[in-house]
Amino acid sequence: MSVRDHPILLVEDDPCQQELTRIALDESGLAPVDLAGDRAEAIDYLFCKDRPPGPLPVVVLLDLHLPTAADGFEVLRRIRREKSTRHVPVVILSSTEDPEKIERGYALGANSFVRKPVGFDKYVEVLSRLAWYWIRINQGWDPAGEREKT
Amino acid sequence: MKGRILIVDDSLTVRMDLSAAFRDAGFETVLCASAAEARKALDSSEADLILLDVLLPDADGVELLSEFRGRSDTEHTQVILLSSESEVKDRIRGLERGANEYVGKPYEASYVVARAAELLRRVPETAENGARILVIDDSLTYREALSEALCDAGYRTSLAAEGADGLRRAADLRPDAIIVDGVMPGMDGTVVVRRIRLDPGLQATPCLLLTASESAAGEIVALDSGADAYVRKGEGTEVVLARLAAMLRTAAQPRERVRLGSLMGPKRILAVDDSPTYLHAVTEQLREEGYEVIQSRSGEEALDLLAVEMVDCILLDLLMPGLSGTDTCRRIKGSQMLRNIPLIMLTAVEEPRSMIEGMNAGADDYVAKSADVNVLIARLRAQLRRKQFEDESRRVREEILKRESEIRAARERAEERAVLLEELEEKNRTLEMLNEELEAFAHSVSHDLRQPLRSMDGFSRVLLMEYAQAVDEKGRHYLRRVRAGAKRMGEMIDGLLVLSRATRQYLRPAPLRLDLLAQGVVQRLRDEEPEREVEIEIDVPMEERGDEQLVESVLENLIGNAWKFTGDRRPARIRVGVGFESGRQIFFVEDNGAGFPSEEAEKMFAPFHRLHAADEFPGTGIGLATTQRIVHRHGGSIWATGQLGHGATVYFTLSGKTERREK
């Protein structure tokens, strides 16, 4: 299965940030990006029986504020509770550096926590690295083996 | 010559008798047989004292006294009224009209002379209302010098050379204040003050004690005795005057001018009896014993007299026409003002029933007229002594009450302070809460600012990359400016967040090796800019307690600044070291970089205060503010010295407050 077959799900309520994150991911050329604008859309996308058949996202990029942190955590909780999505990696994107929220995010099963940098160049770099890493992990890729080959 | 006495009496015998006695005592006398003669005599020459008979052929003596009091030259002249002893009403009238003394006939010439001499020792009342000060000091030189200074300052003075005399003068003069020497032969100053404090008539008089001693013990002894103030003799008369003025100010409430019986003056006895014979006999005996006697022929008279004149003891006949002894006694004992005066009931008959009657009416003792007069005198002495003890114990009781109320007041003050303290703590808590809220607000605002900023930078970049052809070079330049601005603002927001964290973060102090932290900082700087050649010297070891993360950020900031500002120096030199001052370690970071104008030394720790243009040396202007906050949270201080173009040194301590030093 090609990397491109699996979309990246971006859960983000701010249109500007949606746009920018999509641009950043497009630049990295990793995977198609699907968008969910709030908690309901995200849950619909992931769990709705009517959802068009297709592969589950290779990674979920979750902005916590949808518009409140409670909404973000709720999406994370559902992903970890449902059998179908239990193993999908989730990266929390946030402006916060509040240690309580970071800890809670990890406790609920987040795989990584990224504090969005202000500079766009840096953002692009951070996003592509993360997404790439989690896509490869998700596909059972062994980074050590890859390094040996190259 | 001791003084000029005007004797006004129509009886030649009286005039001659008194004149001889006064002349023998060294006085000059002027004799007048009538009111007319007296007026004439006063017109031609002044008198120091006037002896005035109440019954004159051409005038009523008391009316003449009123006339004298209305004349400017005799307004303050001492006047002794002479009257037959039965006329108590005259005595009351006379005292009310301004007589200084009242002597009943038949008089003892020597007694009249003694009273006159006593009265003349009072400095004549002057028109101005200067306070009267009694100075008691055994040194003539000091006494005179102080008196002169006091007079110059507008006071009236009376002088005494030793304690016992001083007390007598005090009882007689009722001065407004007393200045007494602490060390005198015989009765010393502290004893004088103590005696004054025990005297109901004088206890309110402010007392200033002079001491020769330089020690604190002298002060304690002085104040212990009840003195209101003390002055060391070496301090000079100005100090005495200043203290005196202050003392009189505090005692300024108008004092009771009622003549209370004083312990130190001659005891005044009021004898009440309808029998002139007995009255006369008793008076004579008592005067010989040194008592002053006022005679009254009836209970009514006695009560009238007691309304204007205070006495030390009352002898009251039980059986009298008119108001009886028992009723008079009951009235006296029923009066708040008079009930404390010892009262001895006299009766002609030794009979238990009348004795019981008298005692039931409130008499303090009971003496039969038939008994030896010595018995009466002994009883009288006992009553006076009892009264004195009572006064003293009342004084002690009052003192104790006063102390108790002072203690109560102190306790109340302490409670008030506690309440205030609590309020203050409450306010501090509120303030702390508000500060925390403000910090939290700043923190979240800083976060919220990041998001739109990312949009600005992001979309500008998209424009530059994807739509480069749509804008010309100038447009691209502007877009780059937008991105640079966003980047700088991002750095500032991050700086604010660090500042906020430095304030909010919980402090975890532990022993630190500042030299190791500094080496770490330097290593990171070298890794970032390996091309820079900077000579760095770090003192080893540097140890102090602090929060590792925060102290490291202090060093990062200070060494980072030094690194930055030495960018154009060849060679660039940075020294991180420690010095000791008053038992405290003072750390410093010194460089040979761009420095700063020395007048900026204070301002540079304020947030967003930048000493150099951003294009010259990049920075957010928050680093030093953060550093200062961290240092303050450790209880330390931070300051800087420098000169534009000649390097800078920043000093800081991590414990104990130190004065901010100038270069």
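Residues numbered from 1 in each chain as written. Chains lettered and ligands numbered in written order. Predicted model: local features only at pLDDT ≥ 70, side-chain atom pairs only at ≥ 80, totals over all residues. Heavy atoms only, no water.

Engineer: It is not clear to me how the overall build of chain A should be interpreted in this structure. Could you clarify?
Structural biologist: Within chain A one finds six helices and five strands. A buried classification covers 48% of the 150 residues belonging to chain A. Partitioning the contacts of chain A with sequence separation of at least 6, the portion at a separation of at least 24 is 66%. For chain A, the accessible surface area stands at approximately 7,400 Å², while carbon and sulfur atoms represent 51% of it. (Helix = DSSP H or I, 4+ residues; strand = E, 2+ residues; numbered from the N terminus. Buried < 20%, exposed > 50% of the residue type's maximum accessible area, 1.4 Å probe, protein only. Contact = heavy atoms within 4.5 Å. Areas by Shrake-Rupley, 256 points an atom, 1.4 Å probe, with all protein chains shown as cover.)

Engineer: What is the right way to read the packing of aromatic side chains from this model?
Structural biologist: What characterises a pair of aromatic rings is the spacing of the ring centres plus the angle enclosed by the ring planes. Per the counting criterion, the structure on display carries six aromatic pairs over all chains. Seen in terms of ring centroids, tyrosine 106 of chain A and phenylalanine 113 of chain A are 6.2 Å apart; in terms of plane orientation they differ by 45 degrees. Their pairing is tilted. Its relative accessible area of 14% is what places phenylalanine 113 of chain A among the buried residues. Members of the aromatic cluster, each reached through a chain of ring pairs, are Phe588, Trp639 and Tyr651 of chain B. Positioned above the aromatic ring of tyrosine 123 of chain A is the side chain of arginine 454 of chain B, whose terminal nitrogen or guanidinium carbon lies 5.7 Å from the ring centre. For arginine 532 of chain B, the ring lying beneath its charged end belongs to tryptophan 563 of chain B, and the centroid distance is 4.9 Å. (Phe/Tyr/Trp six-rings, centres within 6.5 Å; stacked < 30°, edge-to-face > 60°. Lys NZ or Arg CZ within 6 Å of the ring centre and 35° of its normal.)

Engineer: Explain the nonpolar core to me, please; I cannot follow it from the model alone.
Structural biologist: Generally speaking, nonpolar side chains in soluble globular proteins are found buried as a group. Residue and element names in this part refer to chain B. Within the largest apolar cluster, 39 residues are counted, with the highest numbers of intra-cluster contacts made by Leu514, Leu555, Ile559, Val576 and Phe652. Looking at this core, the elements with two or more residues in it are α17 (514-528), β17 (534-538), α18 (548-565), β19 (572-581), β20 (584-591), α19 (623-633), β21 (638-642) and β22 (648-652). Looking at which element gives the most residues to this core, the answer is α18, with eight residues. With near-sequence residues (within four places) excluded, isoleucine 559 lies in contact with Ala518, Val521, Val522, Leu525, Ile574, Val576 and Val589. Counting 25 residues, the second-largest nonpolar core is a separate cluster that includes Leu305, Met320, Cys329 and Ala361. (Core = buried A, V, L, I, M, F, W, Y, C linked by side-chain atoms within 4.5 Å.)

Engineer: I tried to follow the interface of chain A and chain B on my own but got confused; where do I start?
Structural biologist: It is common to give the size of an interface as the accessible area lost on bringing the parts into contact. In this complex, chain A contributes 20 residues to the contact, which on the side of chain B involves 19 residues. Carbon and sulfur atoms make up 49% of the area that chain A and chain B hide from each other, which totals about 1,700 Å². Across the chain A-chain B interface, the total number found is three salt bridges. Residue aspartate 494 of chain B pairs with arginine 115 of chain A through a salt bridge whose shortest N-O separation is 3.8 Å. (Buried area = accessible area lost by both parts, 1.4 Å probe. Salt bridge = Lys/Arg side-chain N within 4 Å of Asp/Glu carboxyl O.)

Engineer: What exactly am I supposed to notice about the pattern of salt bridges here?
Structural biologist: Any two side chains of opposite charge can pair, given that their charged atoms come close. For the structure on display, the rule yields 39 salt bridges over all chains. Measuring nitrogen to oxygen at the nearest pair gives 3.4 Å for the salt bridge that ties glutamate 82 of chain A to arginine 78 of chain A. For glutamate 82 of chain A, a relative accessible area of 26% translates into the label partly exposed. A cluster of three or more residues bridged by salt bridges with shared partners is formed by Asp121 of chain A together with Asp457, Arg461 and Arg483 of chain B.

Engineer: Quick question: what am I supposed to make of empty space enclosed by the protein here?
Structural biologist: Where empty space is left becomes clear once a probe the size of a water molecule has been rolled over the atoms. All names here are of chain B. In total, this model carries two cavities of 30 Å³ or more according to the counting rule given. Of the pockets and cavities examined, the second largest cavity occupies roughly 40 Å³. Lining the second largest cavity, in full, are Arg91, Glu101, Tyr102, Val103, Gly104, Tyr111, Arg287, Glu292 and Val293. Elements with a minimum of two residues in the lining of the second largest cavity: β5 (101-105) and β12 (292-296). Among the elements that make up the lining of the second largest cavity, the one with the highest residue count is β5 (four residues). Of the residues that constitute the lining of the second largest cavity, the class distribution is four nonpolar, one polar and four charged. (1 Å grid on protein atoms, 1.4 Å probe; cavity = no way out; pocket = protein on both sides within 12 Å on 5 of 7 lines; lining within 4 Å. Points joined across faces, edges and corners; volume = space filled by probe spheres on them. Nonpolar A, V, L, I, M, F, W, Y, C, P; charged D, E, K, R; others polar.)

Engineer: Sorry, what's going on with the packing of helix α12 (residues 299-308) of chain B against helix α13 (residues 325-334) of chain B here?
Structural biologist: Each pair of packed helices gets described by two things: the angle between the helix axes and the distance between those axes. Residues and elements named next belong to chain B. Where α12 meets α13, the axes come as close as 9 Å, and the angle between the chain directions of the two elements is 15 degrees. Regarding the angle of α12 to α13, the classification is roughly parallel. Regarding α12 and α13, the two cross each other, and that crossing is right-handed. Across from Gly299, Leu303 and Leu306 in α12, the residues of α13 making contact are Thr328, Arg331 and Ile332. Considered class by class, the residues forming the contact of α12 with α13 number three nonpolar, two polar and one charged. (Axes fitted to C-alpha atoms, helices over the stretch in contact; angles between N-to-C directions. Parallel < 35°, antiparallel > 145°, perpendicular 65-115°, else oblique. Left-handed = near helix turned anticlockwise from the far one by under 90°.)

Engineer: Whenever I open this one, the environment of glycine 186 of chain B confuses me. Can you help?
Structural biologist: One can find glycine 186 of chain B in the loop between β8 (177-181) and α8 (189-198). Linking glycine 186 of chain B and glutamate 162 of chain B, residues 24 residues apart in sequence, is a C-alpha distance of 7.6 Å.

Engineer: What exactly am I supposed to notice about the side chain of histidine 634 of chain B here?
Structural biologist: Tracing the backbone shows histidine 634 of chain B in the loop between α19 and β21. Dropping the residues within four chain positions of it, histidine 634 of chain B is found in contact with Leu507, Arg545, Gly546, Asp547, Leu550, Val551, Leu654 and Ser655 of chain B.

Engineer: I keep staring at helix α1 (residues 12-24) of chain B and nothing clicks. Help me out?
Structural biologist: Residues spaced three or four apart along an α-helix point in a common direction, a consequence of the helix completing one turn every 3.6 residues. Residue and element names in this part refer to chain B. Between the first and last C-alpha of α1 there are 18 Å, a value that for 13 residues agrees with the 18 Å anticipated at 1.5 Å per step. Where α1 is buried, its residues contact β1 (4-8), β2 (28-32), β3 (49-53), β4 (78-84) and α5 (109-120). Of the residues trailing α1, glycine 26 is marked for its positive phi of about 95 degrees. (Expected span 1.5 Å × (residues − 1).)

Engineer: Can you help me understand a nonpolar patch on the surface in this one?
Structural biologist: Residues and elements named next belong to chain B. Taken together, the side chains of Leu438, Phe441, Val445, Leu449 and Met489 define a hydrophobic patch exposed on the protein surface, amounting to about 440 Å² of accessible area. For the nonpolar patch, the element with the highest residue contribution is helix α15 (residues 373-466), accounting for four residues. Looking at the element boundaries, phenylalanine 441 is found in helix α15. Take phenylalanine 441: its relative accessible area is 53%, and that puts it in the exposed class. (Patch = residues over 30% accessible without salt bridge, like charges linked within 9 Å, V, L, I, M, F, W, Y side chains within 5 Å.)

Engineer: Quick question: what am I supposed to make of the packing of helix α16 (residues 473-504) of chain B against α19 of chain B here?
Structural biologist: Residue and element names in this part refer to chain B. Close contact between α16 and α19 brings their axes to 9 Å; oriented N to C, the two are set at 5 degrees. The angle between α16 and α19 falls in the class roughly parallel. Residues Gly495, Val498, Leu499, Ala502, Thr503 and Arg504 of α16 pack against Ala625, Thr626, Arg629, Ile630 and Arg633 of α19.

All quantities given are derived from atomic positions and should not be read as evidence of function.
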